[in-house]
Amino acid sequence: MIEMRRMTLEDVPAVVEIDQLSFSLPWSERAFIHEIQDNPAARCWVMTRDGVVASMLILWIIVDEAHIATIATHPNHRRRGHARKILIEALRAAREEGVLKALLEVRARHVVAQKIYCDIGFEEVGRRPMYYRDNGEDAILMTLDLASAGWL
Ligand SMILES: CC(C)(COP(=O)(O)OP(=O)(O)OC[C@H]1O[C@@H](n2cnc3c(N)ncnc32)[C@H](O)[C@@H]1OP(=O)(O)O)[C@@H](O)C(=O)NCCC(=O)NCCS
């Protein structure tokens, strides 16, 4: 069974594992704990499959904008639609809070993630040169107008 719910402190070990398996610049355990318990702007989500954390997503709500801070699926659970689903559900929840626009940065060479975002309706609006400090890769800035994404 697939379920989406807010991330709790008990999820942190599983979330850290997903993060470390997914990113070349993973966050620290403390960073996730901070997001869950100390950052009022953060909305931290997990998607579980039969009770096991398969995907995680954190976004920050700043006034009427949602910034996708991180999103990843455990390698054992990829290509099952989890990333698409957790993103759509998190955006719906943000819109219910009054958010009008979502934005994110994605690596210029990360075409898989870009496809997911484009399919949902995100559009490229800019580029941040040399944004990623591990390899100097550019970031593509993408936004989605939640007010006009009627299908969401
Ligand atoms: C990118 C990532 C989050 C996708 O997670 P996922 O749960 O596997 O994604 P989904 O199953 O929802 O994929 C949705 C669609 O994206 C595309 N897609 C996803 N992974 C793909 C892959 N490896 N190759 C080609 N297309 C892919 C497909 O179109 C897929 O739909 P389909 O399976 O029906 O063809 C996951 O690969 C990941 O955690 N990567 C490392 C972390 C990361 O890069 N996060 C994004 C930072 S911007």
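Before reading further, recall that the structure is shown in the block above.
Since the model is a prediction, treat every value here as computed from it, not as a measurement.

**Concerning the nonpolar core**
If you look at the biggest cluster of nonpolar residues, it comprises 30 residues, and the most contacted ones within it are Leu57, Ile71, Leu87, Leu91, Tyr117, Phe122 and Leu144. Only strand 2 (42-49), strand 3 (52-62), strand 4 (65-73), helix 3 (82-96), strand 5 (101-107), helix 4 (111-120) and strand 7 (139-145) provide two or more residues apiece to this core. No other element matches helix 3, which puts 7 residues into this core. With residues near it in sequence (within four places) discarded, Tyr117 still touches Ile71, Leu87, Leu104, Val106, Phe122 and Met142. Counting 13 residues, the second-largest nonpolar core is a separate cluster that includes Met7, Val12, Ile18 and Met56.

**Description of the site of the ligand**
With respect to spatial proximity, 18 residues lie near the ligand, and among them Ile71, Thr73, Arg79, Gly81 and His110 are the closest. The side chain of Thr73 places a nitrogen or oxygen atom 2.8 Å from an oxygen atom of the ligand. Contacts to the ligand include Arg80, whose backbone N or O atom sits 3.2 Å from an oxygen atom. Expressed as a share of its isolated accessible area of 910 Å², the protein-covered part of the ligand is 76%.

**Remarks on the environment of Ala54**
When you line up the elements, Ala54 lands in strand 3. Taking the relative accessible area as the measure of exposure, Ala54 reaches 0% and is therefore buried. For Ala54 and Ile71, which are 17 residues apart along the polypeptide, the C-alpha to C-alpha distance reads 11 Å. Not counting residues up to four positions away in its chain, the partners in contact with Ala54 are Ile18, Met47, Thr48, Arg49, Ala72, Thr73, His74, His77 and His82.

**What to know about the sheet that holds strand 3**
With respect to topology, 7 strands assemble into an open sheet ordered 1-2-3-4-5-7-6, the strand pairing being mixed. Two strands close off the open sheet at either side, each with one partner strand: strand 1 (2-6) and strand 6 (123-128). Each strand axis lies, on average, 25 degrees off the axis of its neighbour in the sheet, ignoring direction. One ladder, built from 5 bridges, connects strand 6 with strand 7; its direction is antiparallel. Residue Glu124 lies in a different strand from strand 7, and its bridge partner there is Met142. Across the sheet, helix 2 (residues 29-37) touches strand 2 and strand 3, and the angle it forms with strand 3 is around 60 degrees.

**Focus: the packing of aromatic side chains**
Inspection of the entire model under this criterion finds 4 aromatic pairs. On the basis of an interplanar angle of 10 degrees and a centroid distance of 6.4 Å, the ring pair of Trp27 and Trp60 is categorised as stacked. Pair noted here: Trp27 is in the loop between helix 1 (12-22) and helix 2 and Trp60 is in strand 3, with a separation of 33 residues, a long-range link. Here Trp27 falls in the partly exposed class, since its relative accessible area comes to 22%. On the basis of relative accessibility, which here comes to 24%, the residue Trp60 falls in the partly exposed class. Considering the side-chain rings of Tyr117 and Phe122, the 5.9 Å spacing of their centres and the 65 degrees angle between planes classify their relative orientation as edge-to-face. Here Phe122 falls in the buried class, since its relative accessible area comes to 3%. One aromatic cluster is present, built from ring pairs that chain together Trp27, Phe32 and Trp60. Taking NZ or CZ as reference, Arg6 lies 5.1 Å from the ring centre of Trp45, over its face. If you follow Arg107 out to its NZ or CZ, it ends over the ring of Tyr132, 4.2 Å from the centre.

Definitions and cut-offs
Residues numbered from 1 in each chain as written. Predicted model: local features only at pLDDT ≥ 70, side-chain atom pairs only at ≥ 80, totals over all residues. Heavy atoms only, no water. Core = buried A, V, L, I, M, F, W, Y, C linked by side-chain atoms within 4.5 Å. Buried < 20%, exposed > 50% of the residue type's maximum accessible area, 1.4 Å probe, protein only. Helix = DSSP H or I, 4+ residues; strand = E, 2+ residues; numbered from the N terminus. Contact = heavy atoms within 4.5 Å. Near = heavy atom within 4 Å. Polar contact = N/O pair within 3.5 Å; in protein donor to acceptor, adjacent residues only side chain to side chain. Areas by Shrake-Rupley, 256 points an atom, 1.4 Å probe, with all protein chains shown as cover. Pairing = 2+ DSSP bridges. Axes fitted to C-alpha atoms, helices over the stretch in contact; angles between N-to-C directions. Phe/Tyr/Trp six-rings, centres within 6.5 Å; stacked < 30°, edge-to-face > 60°. Lys NZ or Arg CZ within 6 Å of the ring centre and 35° of its normal.

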